[in-house]
Amino acid sequence: QALLIRHNGVIIPQQAIGTIVSVHDVPVDRRQTVEVMRDRTGCDYKNPNITTLNLPHDKGRKKREVVRIHLVGYPKRMGSEAVEADLDLMGKRTATSDETMSLAIAFPDLQRHRPIVGLGSFWLRSGAYRYVVVLLEDAAKRDLCLFAWGGGWVSSELFAAVDK
């Protein structure tokens, strides 16, 4: 049995339990709007609510850079707060929507293997519900979706994370 600790208000194992499945160097062009990035993913379905109005866009860093994105998997169902706390123990933060969409642009086939979740940015819908960007495959088509933040993410999903 792993010893549990309270980390940022969430009870998690004392040691990180996430496993880095793969690492990808991804060009991120923060000068582009969310809509341009959404369209450049080439996904067959793109949630129309993925907009500059709904998702935070890092306007202050108008530049291009290469970001190393780690895809992290978990052996069990995890809530969003537990994933964030575990990534923090690993010295990582969750990838933003810009970074997650850039991953889809640079590596379009990654989401065909397992869904990829970017918890770092969210759309606050109706002032109460948070939605995050998720890359997945559905019937051989690539989808760029918004899923509810929080809940229980299943072990088949990967989380996009970057070094702090």
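In what follows, the structure referred to is the one given above.
Below or above, wherever it landed, is the structure these notes cover.

Reading the values: rules and limits
- Residues numbered from 1 in each chain as written.
- Predicted model: local features only at pLDDT ≥ 70, side-chain atom pairs only at ≥ 80, totals over all residues.
- Heavy atoms only, no water.
- Core = buried A, V, L, I, M, F, W, Y, C linked by side-chain atoms within 4.5 Å.
- Buried < 20%, exposed > 50% of the residue type's maximum accessible area, 1.4 Å probe, protein only.
- Helix = DSSP H or I, 4+ residues; strand = E, 2+ residues; numbered from the N terminus.
- Contact = heavy atoms within 4.5 Å.

**Points about the nonpolar core**
Reasoning step 1: Ranked by size, the top nonpolar core spans 25 residues in total, and within it Ile50, Ile69, Leu71, Leu103, Ile116 and Leu144 carry the most contacts.
Reasoning step 2: Breaking this core down by element, the ones donating at least two residues are strand E3 (19-29), helix H1 (34-40), strand E5 (64-73), helix H3 (97-106), strand E7 (116-125), strand E8 (129-138), strand E9 (141-148) and strand E10 (158-163).
Reasoning step 3: Beyond its immediate stretch of four places on either side in the chain, leucine 144 contacts Arg38, Thr41, Cys43, Tyr45, Lys46, Asn47, Ile50, Met101, Val133, Val134 and Leu135.
Reasoning step 4: Counting residues in each nonpolar core, the second largest holds 16 residues, with Met78, Ala82, Val134 and Ala161 among its members.

**Things to note about helix H2 (residues 80-89)**
Reasoning step 1: For H2, every residue scored as buried is listed here: Ser80, Ala82, Val83, Ala85, Asp86 and Leu87.
Reasoning step 2: Glycine 91 lies just past H2 and shows a positive phi near 80°.

**Brief notes about unusual backbone geometry**
Reasoning step 1: Positive phi values are uncommon outside glycine, yet alanine 139 reaches one of about 55°.
Reasoning step 2: Counting through the fold element by element, alanine 139 comes out in the loop between E8 and E9.
Reasoning step 3: Note on alanine 139: relative accessible area 69%, which makes it exposed.
Reasoning step 4: The phi dihedral of alanine 140 falls on the positive side, at around 70°, and the residue is not glycine.
Reasoning step 5: Turning to its location among the elements, alanine 140 is positioned in the loop between E8 and E9.

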